[in-house]
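In case you want the letters, here they are:
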Amino acid sequence: MCRVAGLLVLLLAAGTSPAIGSTLETAADQPAALLLFPKVVVDGTRDTVLQLSNASGATVHVRCFYTNPSTDRETGEPVWLTVNFRLRLTPLQPTVWVASEGRPVVPPDRPLELEPGPVPPLATGFLGELRCVAVDAEDRPVTRNVLTGNATIVDRARRDVLRYQAIGIRALPKNNEDGTLLLNDVEYTTCPRVLLWNHFFEGALDPVLLEPVSARLTVVPCSVDYERDIPGVAFLQFDVVNEFEQRLSASLFVECFADVRLSEIDAEDPTRSVFHVGTQGTLAGQTRIRPVPDGGTTAGHGIVAVGEQIHGPDGPSAAANLHFIGGNLQGDVVVLPRIF
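In what follows, the accompanying structure is described. (Residues numbered from 1 in each chain as written. Predicted model: local features only at pLDDT ≥ 70, side-chain atom pairs only at ≥ 80, totals over all residues. Heavy atoms only, no water.)

## What to know about the overall build of the protein
In step 1: Tallying secondary structure elements over the protein gives 1 helix and 23 strands in all.
In step 2: Expressed as a percentage of the 340 residues in the protein, the buried residues total 52%.
In step 3: Expressed as a percentage of contacts within the protein between residues at least 6 apart in sequence, the contacts between residues at least 24 apart total 75%.
In step 4: Summed over all atoms, the accessible surface of the protein reaches about 15100 Å², with 55% contributed by carbon and sulfur. (Helix = DSSP H or I, 4+ residues; strand = E, 2+ residues; numbered from the N terminus. Buried < 20%, exposed > 50% of the residue type's maximum accessible area, 1.4 Å probe, protein only. Contact = heavy atoms within 4.5 Å. Areas by Shrake-Rupley, 256 points an atom, 1.4 Å probe, with all protein chains shown as cover.)

Encoded structure:
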């Protein structure tokens, strides 16, 4: 089950101590063994074009998992649905598909030896994530940092597109290559300790277009158990700084997946949000997002995220990969389903 709950704003919060940088940071600009696409949407108006590439000179196999935190039509309760598929990427091969269409079982115009394999189409109403992990021919995770990717969300109604890079988690030499991926700087790099986003505050007028700006944030917990259908959870602390170095804060609880408008995180009335220009008094600022660690020992609460800004009701939009600082204080865990 996937739930998202906003908590009330905490005014004039004390600043957090600086995070210590890590030499093994998660990144969106280098090949990795585990890729996360935080936002994939198919809703009749919007669709997503996904690209997955093999950056190496040897064939690599990939296990991928779509996750859709949908709602049960009868009970209204949130449910967590996962669809998995496998691909085989030949050397230096990019593979592209449209999420609503997938890839055919039989290729219409290419040799079978170059065909990566079928991808299931997503039904209208999908809003979730995609993860892909490098494996061998027997579907065992391997220490091969060769995967890159990006996602382009096409909005036909607004005639607009936005694009972001897939976020990569790199495998390390001590990876034991079993079905439990430890994101702890031993088997794989950790998820980020802090995420930074420089953005316009909601309601601010774009100085060029003179249109009000709105913003969305998509958050995905790093930990997940596909074997037992247990989603990851995270409690997030937001530290919002305006151009006068004044600080306000807010909090958010995420289970499985969250795609929220910034001003809805902490207020029902957008004008009362710490993310609103009327509250901040400056056009732009910086949001610092920190997952709060707890005393648990089974899995951490790290996150990855993508930000969006929309300029006016019919204006352009843009997606942004958030900047990462340091490694998460608790190692996250990804459990793959067993191979039968």
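More follows now that the structure is in view.
## Observations concerning the sheet that holds strand S8 (residues 147-155)
In step 1: Spatially, 4 strands are ordered S6-S3-S8-S9 in an open sheet, and the strand pairing comes out antiparallel. Since the sheet does not close on itself, it has two edges, and those belong to strand S6 (94-98) and strand S9 (160-165), each with one partner. Going from strand to strand, the sheet's axes swing by 15° on average, the running direction of each strand aside.
In step 2: Sheet topology note: the strand S3 (residues 46-54)/S8 ladder contains 9 bridges and is antiparallel. Within the sheet, the bridge partner assigned to Thr48 lies in S8 and is Ile153. (Pairing = 2+ DSSP bridges. Axes fitted to C-alpha atoms, helices over the stretch in contact; angles between N-to-C directions.)

## Things to note about the state of the cysteines
Two cysteines form a disulfide when their sulfur atoms are joined by a covalent bond.
In step 1: Enumeration over the complete set of coordinates arrives at 2 disulfides.
In step 2: Across a sulfur-sulfur distance of 2.1 Å, Cys64 and Cys132 are joined as a disulfide pair. Because the sign of the S-S torsion sets the handedness, a value of about 115° for the bond joining Cys64 and Cys132 places this disulfide among the right-handed ones. Here Cys64 is found in strand S4 (residues 60-71), whereas its partner Cys132 is found in strand S7 (residues 126-135), with 68 residues between them in sequence. Across the pair, exposure class does not vary: Cys64 and Cys132 are buried alike.
In step 3: Through a disulfide, Cys191 is tied to Cys222; the S-S separation comes to 2.0 Å. Residues Cys191 and Cys222 are joined by a disulfide whose S-S torsion is about -115°; by sign, that bridge is left-handed. Here Cys191 is found in the loop between strand S11 (180-183) and strand S12 (192-200), whereas its partner Cys222 is found in the loop between strand S13 (213-221) and strand S14 (224-225), with 31 residues between them in sequence.
In step 4: The buried category is assigned to Cys222, whose relative accessible area is 1%. (Disulfide = S-S within 2.5 Å.)

## Observations regarding the packing of aromatic side chains
In step 1: All chains considered together, the criterion is met by 6 aromatic pairs.
In step 2: With centroids separated by 6.1 Å and ring planes inclined at 15°, the aromatic side chains of Trp80 and Tyr226 adopt a geometry described as stacked. Residue Trp80 is located in strand S5 (residues 78-89), and its partner Tyr226 is located in the loop between S14 and strand S15 (230-231); the two are separated by 146 residues in the primary sequence.
In step 3: Here the aromatic rings of Phe85 and Trp97 are separated by 6.0 Å at their centres, their planes lie at 90°, and the arrangement is edge-to-face. Taken as a pair, Phe85 in strand S5 and Trp97 in strand S6 lie far apart in primary sequence, 12 residues in all.
In step 4: By the ring-pair criterion, three or more aromatic residues cluster together here, those being Tyr66, Phe85, Trp97 and Phe126. (Phe/Tyr/Trp six-rings, centres within 6.5 Å; stacked < 30°, edge-to-face > 60°.)

## Some thoughts on the pairing of strand S19 (residues 284-291)
In step 1: One ladder, built from 6 bridges, connects S12 with S19; its direction is antiparallel. Among the inter-strand pairings, His199 is bridged to a residue of S19, identified as Gly285.
In step 2: In this structure, strand S16 (residues 233-242) lies alongside S19, joined through 7 bridges in antiparallel fashion. If you follow Val240 over to S19, its bridge partner there is Thr287.

## Concerning the environment of Leu236
In step 1: Along the polypeptide, Leu236 turns up in strand S16.
In step 2: Take Leu236: its relative accessible area is 0%, and that puts it in the buried class.
In step 3: Taking the C-alpha atoms as reference, Leu236 lies 6.2 Å from Phe253; in sequence the two are 17 residues apart.

## Considerations on the environment of Val292
In step 1: By secondary structure assignment, the location of Val292 is in the loop between S19 and strand S20 (303-311).
In step 2: Val292 sits 56 residues away from Leu236 along the chain, and the two C-alpha atoms are 6.0 Å apart.
In step 3: If we ignore the near neighbours within four places in the chain, the residues touching Val292 are Phe235, Gln237 and His301.

What is shown is where atoms sit, not what they do.
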